[in-house]
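The lines below spell out each chain.
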Amino acid sequence: MTGAASLAELLMSRSLSDPELHRATEAVEDHAILPDVSVLKIGGQSLIDRGRAAVFPVVDQLVAAKRTHKMLIGTGGGTRARHVYALAAELGMPTGVLSEVGAAVAGQNAHMLGYLMAKHGVPTVGPSAFGVLALQMAESGAVIFSGMPPYDLWQRVPGEGVIPPYRTDAGCYLVAETYGCKQMIFVKDEDGLYSANPKNDGSATFIPRATVDELIEMDLPDLVIERPVLELMRHARHVREVQIVNGLRPELVRRALDGEHVGSIITAA
């Protein structure tokens, strides 16, 4: 019996929580949907909140890179999302509600970035338009989306507090993994990973490369990407390495797209 036939038989005869069924699906090779596409996450607080001085140079780099790279460009929520989280939490709203209102802010940033790149033929799409993503990519070479995963009320409840654990870093990473993309680049306002927050700790040391397990063991007090990304990477099939680069040095965005190590690299193993 072939692997596909065995899997079909198991799916029809077993519970979807059956361990043998899970092992059978694990054995099937994943299809990489967009293997030549790079995913970039443009930080909301890191870059977009800084306005023209930070955003325009990055836009110039993305426009130039579009000639040689296919890109999915996700946006973060930034300070406005933090403000709405604070308000909603103070009002006693649950995690799912915070997720819903926070997603609106990341969407606003996606639209603003989209208008800046519209004259270059770059569209902005919502989750419902991902079905035509390949066509959009073929026509424009780049697409902008809101990085917040559309979990809304179905957001996973965190172990402590009510802040949604899966936010825009996780959302962009999930897009990269699901589509089997070439690489995942987080564009922040720091050179990458540090032992502490370099903005307020002069003794913080730069970490050019680390594995997921090493970072979890370090238990850094201030991690530059969302911690759930580390757990997602542990189980990834396609995107088992990510790079964090400093968007305030915009030339690094293009160099990272070209495959250079210009920030911090995190690997799954």
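Read on for an overview of the structure. Everything numeric in this text was worked out from a predicted model, so none of it was measured. (Residues numbered from 1 in each chain as written. Predicted model: local features only at pLDDT ≥ 70, side-chain atom pairs only at ≥ 80, totals over all residues. Heavy atoms only, no water.)

**Things to note about the pattern of salt bridges**
Stage number 1. On inspection of all chains with the given rule, the structure shows 15 salt bridges.
Stage number 2. We note a salt bridge from Arg249 to Asp191, for which the minimum N-O separation is 3.4 Å. Placement of the pair is Arg249 in the loop between strand 9 (241–246) and helix 10 (251–257) and Asp191 in the loop between strand 5 (183–188) and strand 6 (193–194), with a sequence separation of 58 residues.
Stage number 3. For Asp191, a relative accessible area of 25% puts it in the partly exposed group.
Stage number 4. Through salt bridges with shared partners, one network takes in Arg50, Asp189, Glu190 and Lys199. (Salt bridge = Lys/Arg side-chain N within 4 Å of Asp/Glu carboxyl O. Helix = DSSP H or I, 4+ residues; strand = E, 2+ residues; numbered from the N terminus. Buried < 20%, exposed > 50% of the residue type's maximum accessible area, 1.4 Å probe, protein only.)

**Observations concerning the side chain of Asp169**
Stage number 1. Position of Asp169 relative to the elements: it lies in helix 7 (residues 168–178).
Stage number 2. Given the relative accessible area of 2%, Asp169 is considered buried.
Stage number 3. Within polar-contact distance, the side chain of Asp169 engages the side chain of Lys41 at 2.5 Å.
Stage number 4. Among all residues touching Asp169, those that are not within four sequence positions of it are Lys41, Phe186, Lys188, Val224, Ile225, Glu226 and Val229. (Polar contact = N/O pair within 3.5 Å; in protein donor to acceptor, adjacent residues only side chain to side chain. Contact = heavy atoms within 4.5 Å.)

**Structural notes on the environment of Ser99**
Stage number 1. Within the secondary structure layout, Ser99 lies in helix 5 (residues 95–117).
Stage number 2. For the pair Ser99 and Pro164, spaced 65 residues apart in sequence, the C-alpha to C-alpha distance is 5.7 Å.

**Quick notes on the sheet that holds strand 9**
Stage number 1. The sheet built from eight strands is open, its strands ordered 3-4-2-1-5-9-10-8 with mixed pairing. Across the chains shown, the open sheet's two edge strands, defined by having one partner strand only, are strand 3 (124–125) and strand 8 (209–211).
Stage number 2. Across five bridges, the pairing between strand 1 (residues 37–42) and strand 5 is parallel. Note that in strand 5 the partner of Ser38 across the bridge is Gln183. (Pairing = 2+ DSSP bridges.)

**Here's the deal with the nonpolar core**
Stage number 1. If you look at the biggest cluster of nonpolar residues, it comprises 37 residues, and the most contacted ones within it are Leu72, Tyr173, Met184 and Ile266.
Stage number 2. Going through the elements one at a time, strand 1, helix 6 (133–140), strand 4 (142–146), helix 7, strand 5, helix 8 (212–218), helix 9 (228–234) and strand 9 are the ones with two or more residues in this core.
Stage number 3. If you tally residues by element for this core, the top one is helix 7, at five residues.
Stage number 4. With residues near it in sequence (within four places) discarded, Tyr173 still touches Met184, Phe186, Val229, Leu232, Met233, Ala236, Val239 and Val242.
Stage number 5. If you look at the next biggest cluster of nonpolar residues, it comprises 27 residues, including Ala54, Met71, Ala110 and Ile185. (Core = buried A, V, L, I, M, F, W, Y, C linked by side-chain atoms within 4.5 Å.)

**Some remarks on the packing of aromatic side chains**
Stage number 1. The full count for this structure, using the stated rule, is four aromatic pairs.
Stage number 2. Note on Phe130 and Tyr179: the rings are 6.1 Å apart at their centroids and 55 degrees apart in plane angle, and the pair reads as tilted. Residue Phe130 is located in the loop between strand 3 and helix 6, and its partner Tyr179 is located in the loop between helix 7 and strand 5; the two are separated by 49 residues in the primary sequence. Tyr179 matches Phe130 in its accessibility class, with the two residues each being buried.
Stage number 3. Considering the side-chain rings of Tyr151 and Tyr166, the 6.1 Å spacing of their centres and the 75 degrees angle between planes classify their relative orientation as edge-to-face. With a gap of 15 residues between them, Tyr151 in the loop between strand 4 and helix 7 and Tyr166 in the loop between strand 4 and helix 7 connect regions that are remote in the sequence.
Stage number 4. Taken together through their ring pairs, the aromatic side chains of Phe130, Phe145 and Tyr179 make up a single cluster. (Phe/Tyr/Trp six-rings, centres within 6.5 Å; stacked < 30°, edge-to-face > 60°.)

Such coordinate-based values are descriptive only and should not be taken to indicate function.
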